[in-house]
Amino acid sequence: MSATRSPKVSERVAPKAADPQPPKKKKHDDDDGPDFSTLLHSWIESHRASLLDSLRRLGKQPIGSFFTCMVMAVALSLPMGLSLLINNVERLGGSWQRAAQISLYLQLDATPEQGESLREQIKGMPGVAEAEYVGRDQALEEFQQQSGLGEALRELPENPLPGVVLVTPNEVDKPTLEALRQKLSELPKVQQAQLDLVWVERLAAILKLGDRFVFGLTVLLVSALLLVIGNTIRLHIENRRTEIEVIKLVGGTDSYVRRPFLYMGALYGFGAGVLSWGVLAFGLNWLNDAVVGLAGLYGSDFALAGVPVADGLSLLLGAVLLGYIGAWIAVARHLRELAPK
């Protein structure tokens, strides 16, 4: 009896002992899903495919893509070029400190030693970058050369011109300069302290007006660029309407549909930024010959500075962002219309 029941018991126990654990492990693995490296690789591969697809589609229409980028480049070059010209004008006015000099006219009885001593005293004062003493004889000689009245001045019984101390300030700020002028006028042997900032104020007002004009022009052209990008992306969307509807039917997400168009907008912006940088570099170099010739007639070595690398990179980054934002707006506007019916 026991011999006959023992096999049956073992047969009943064996299957339980050998109850498969792998299925439970397999079920546990299925619950975890793909690991992080797999998801990251899939995400990178999806973006790479979208970027290559955008490049391929732009490459199929090289002329149209080039002219679209060129239109954007011209719109970007106008405000950037005006801004660079204003910066060059400000650099030309970098000698404002010398142009805004305070002229201290000394008394006629002031000796050259007193003038030099006063110059040393003023040079050590706060807010003063440089001080130069011009004696009476030197002032008369310069006046004879510049006025053309040399013969008449030689007939005078004595030199009527006083000694002058030319004070160059550290900065051009009207309240600060006025306070400095008042302080200098109280020094001994100073008969009059003269400050002329009229032309500096006019130039500053013109540059401020130019900055505002550039800002307004930038706003208008950025709006136009967004419209150009939006219209271009809209045409690409219409050309792929059927494809997009099929993707939505099989469960494609909005981000998957939007991604290639965003890359396309960024590529348009990148191309426009590169072209705009080249146009600005060529234009400034072309104008520089005439500017150097004009400055040479006035005894100046002024020349236009090229496009700084930092400004060029900012232009490139801004163009890419504009293309991306314009594409995003265009896709967001038309994405609801692309839902399958």
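Since the structure is predicted, the reported quantities are computational estimates derived from the model, not experimental observations. Counting restarts for each chain: residues are numbered from 1 in the order of the written sequence. Local features in this predicted model are restricted to residues of pLDDT 70 or higher, and side-chain atom pairs are both shown and tallied only at a pLDDT of 80 or more, whereas totals for entire chains, interfaces and linings draw on every residue. Hydrogen atoms and water are omitted, and side-chain values are computed over all heavy atoms in the structure.

## Some points on the packing of helix H11 (residues 241-249) against helix H12 (residues 254-297)
Here the axes come from fitting lines to C-alpha atoms, over the contacting stretch only for helices, and the angles between their N-to-C directions go from 0 to 180 degrees. The way it works is that DSSP assigns letters per residue, a run of H or I at least four long becomes a helix, a run of E at least two long becomes a strand, and they are numbered from the N terminus. Running from amino to carboxyl end, H11 crosses H12 at an angle of 150 degrees, the nearest separation of the two axes being 9 Å. Considering their axes alone, H11 and H12 lie roughly antiparallel with respect to each other. Like other packed secondary-structure pairs, H11 and H12 cross with a definite hand, here right-handed. Residue-level inspection shows Ile244, Ile247 and Lys248 of H11 in contact with H12, the latter providing Asp254, Tyr256, Val257 and Phe261. Three classes are used: nonpolar for Ala, Val, Leu, Ile, Met, Phe, Trp, Tyr, Cys and Pro, charged for Asp, Glu, Lys and Arg, and polar for all others, with Gly counted as polar. Per-class residue counts for the contact of H11 with H12 are five nonpolar, no polar and two charged. Roughly parallel refers to an angle under 35 degrees, roughly antiparallel to one over 145, roughly perpendicular to one between 65 and 115, and oblique to any angle outside these ranges. Handedness of a helix crossing follows the sense of rotation of the near helix relative to the far helix, less than a right angle counterclockwise being left-handed and clockwise being right-handed. Any pair of residues with heavy atoms lying within 4.5 Å of one another is described as a contacting pair.

## Examining helix H13 (residues 309-334)
Under the 1.5 Å per step criterion, the end-to-end length of H13 is 38 Å for 26 residues, consistent within 8% with the ideal 38 Å. Every buried residue of H13 is listed here: Gly312, Leu315, Leu316, Ala319, Leu322, Gly323, Gly326, Ala327, Ala330, Val331 and His334. Each helix should span, by expectation, one fewer than its residue count multiplied by 1.5 Å. When accessible area is computed with a 1.4 Å probe and restricted to protein chains, residues below 20% of their type maximum are described as buried, those above 50% as exposed, and intermediate ones as partly exposed.

## A look at the UniProt feature "transmembrane region" (unreviewed entry) in the chain
UniProt positions are given in the numbering used here, feature names are shortened, and annotations may be inferred rather than shown by experiment. With numbering matched to this structure, UniProt assigns "transmembrane region" (unreviewed entry) to residues 63-86, 213-233, 261-282 and 302-331. Within residues 261-282, the helical portion is 100% and the strand portion 0%, while the C-alpha atoms at the span's ends are 32 Å from each other. End-to-end, the C-alpha atoms of residues 302-331 are 49 Å apart, and along that stretch the chain is 77% helix and 0% strand.

## With respect to the packing of helix H10 (residues 198-239) against H13
Interaxial distance between H10 and H13 falls to 8 Å at its minimum, and their mutual angle equals 50 degrees. Taken together, the axes of H10 and H13 are oblique relative to one another. In the crossing of H10 with H13, the sense of the turn from one axis to the other is right-handed. From H10, Val222, Leu225, Leu226, Ile229, Gly230, Ile233, Arg234 and Ile237 reach across to H13, where they touch Leu322, Gly323, Ile325, Gly326, Ala327, Ala330, Val331 and His334.

## Considerations on the environment of Ser83
Considering the arrangement of structural elements, one finds Ser83 in helix H4 (residues 62-92). You can call Ser83 partly exposed: its relative accessible area is 26%. Spatially, the C-alpha atoms of Ser83 and Asp211 are 7.4 Å apart, while their sequence positions differ by 128 residues.

## Observations regarding the packing of aromatic side chains
To pair, rings of Phe, Tyr and Trp, with the six-membered ring standing in for Trp, must have centres within 6.5 Å; the planes then decide the type, stacked if under 30 degrees apart, edge-to-face if over 60, and tilted in the middle. Within the structure shown, the criterion is met by two aromatic pairs. Ring geometry for Phe66 against Phe67: centres 5.7 Å apart, planes inclined by 75 degrees, an arrangement best described as edge-to-face. What makes Phe67 exposed here is its relative accessible area of 51%. A ring has a charge above it when a Lys NZ or an Arg CZ is no more than 6 Å from the ring centre and no more than 35 degrees off the ring normal. One cation-aromatic arrangement involves Arg258 over Trp328; the distance from NZ or CZ to the ring centre is 4.5 Å.

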